[in-house]
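# Structural features, examined
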Amino acid sequence: MRRLIHVPIIHSLADLGSAAEGLEEQFKTSCGSRSWEEHLQEVEQRWDVIRQKLLALPLDYSRVKLYQDGLPDCGRELEIVRDLANRGSQNCRLLCELHLKGAQIMGTEDGELLVDEYNRIRRRLAHSPAAAPGQTPTADSFYDELVARRDAHIAKRIDSTLGAGETGILFLGAAHRILSLVASNIVVTPLL
């Protein structure tokens, strides 16, 4: 049996790297500095809960593979994760901690699709005015054809690399709709 633990995540600025430039100011402009600080606290508390719940699971880490939203399949996965952990990413710190226990960090995404997504985010930030307070983005801004292609790639990557008797842990942001694409012989369990 193959098992996949789905971990819904909230990306921090450290997770987004250079794609985060402008997001903080846009958030503060539309929602205020206090809301920004509350958001940062919420993200930190969420990662504390995720860490506690994951570390409480009885896992044989030598049979665990870690799949991370936004981590390209490029041969430099551990280097990327360590760099982001050093920049303050709680997500990547947790990946490093699990890796030290024996889990394998897997390249998860197609690098070209990630570059396309990065360029799309940069264009949107450069050309869209800040949303008015209380205004929510449309569904299309969260899930579109590009994210669908990323999701299909992630599902195929998990299917092709997760072996019999192994457990995958998938850290995935809210914009994704991958769970319906996961191979039918993989048992998906939500962490939260």
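As a starting point, this report considers the structure included with it.

The rules behind each value
- Residues numbered from 1 in each chain as written.
- Predicted model: local features only at pLDDT ≥ 70, side-chain atom pairs only at ≥ 80, totals over all residues.
- Heavy atoms only, no water.
- Pairing = 2+ DSSP bridges.
- Helix = DSSP H or I, 4+ residues; strand = E, 2+ residues; numbered from the N terminus.
- Axes fitted to C-alpha atoms, helices over the stretch in contact; angles between N-to-C directions.
- Polar contact = N/O pair within 3.5 Å; in protein donor to acceptor, adjacent residues only side chain to side chain.
- Parallel < 35°, antiparallel > 145°, perpendicular 65-115°, else oblique.
- Left-handed = near helix turned anticlockwise from the far one by under 90°.
- Contact = heavy atoms within 4.5 Å.
- Nonpolar A, V, L, I, M, F, W, Y, C, P; charged D, E, K, R; others polar.

## Examining the sheet that holds strand 2 (residues 64-68)
- The parallel open sheet is built from five strands, whose spatial order is 3-2-4-1-5. At either end of the open sheet lies a strand with only one pairing partner, and these are strand 3 (104-106) and strand 5 (186-190). Between one strand and the next, the sheet's axes are offset by a mean angle of 25°, whatever the strand orientation.
- Bridge analysis of strand 2 against strand 4 (residues 167-173) gives five bridges, and the strand direction is parallel. Within the sheet, the bridge partner assigned to valine 64 lies in strand 4 and is threonine 167.

## Observations concerning the environment of aspartate 144
- You can see aspartate 144 is positioned in the loop between helix 7 (139-142) and helix 8 (145-161).
- C-alpha separation for the pair aspartate 144 and histidine 176, spaced 32 residues apart in sequence, amounts to 9.5 Å.
- A polar contact of 3.2 Å, which involves the side chain of aspartate 144, links it to the backbone nitrogen of valine 147.

## So, the packing of helix 4 (residues 77-86) against helix 5 (residues 90-100)
- Axis separation between helix 4 and helix 5 bottoms out at 8 Å; the angle between their running directions is 125°. Comparing the axis directions of helix 4 and helix 5 gives the class oblique. Crossing handedness for the pair helix 4 and helix 5: left-handed. Side by side, helix 4 and helix 5 meet where Leu78, Val81, Arg82, Leu84 and Ala85 of the first sit next to Cys92, Arg93, Leu95, Cys96 and His99 of the second.
- Its residues assigned to classes, the contact of helix 4 with helix 5 shows seven nonpolar, one polar and two charged.

## Brief notes about the side chain of histidine 176
- Its place among the elements puts histidine 176 in the loop between strand 4 and strand 5.
- Within polar-contact distance, the side chain of histidine 176 engages the side chain of aspartate 69 at 3.4 Å.
- When sequence neighbours within four positions are dropped, the list of residues in contact with histidine 176 reads Asp69, Val147, Arg150, Asp151 and Ile154.

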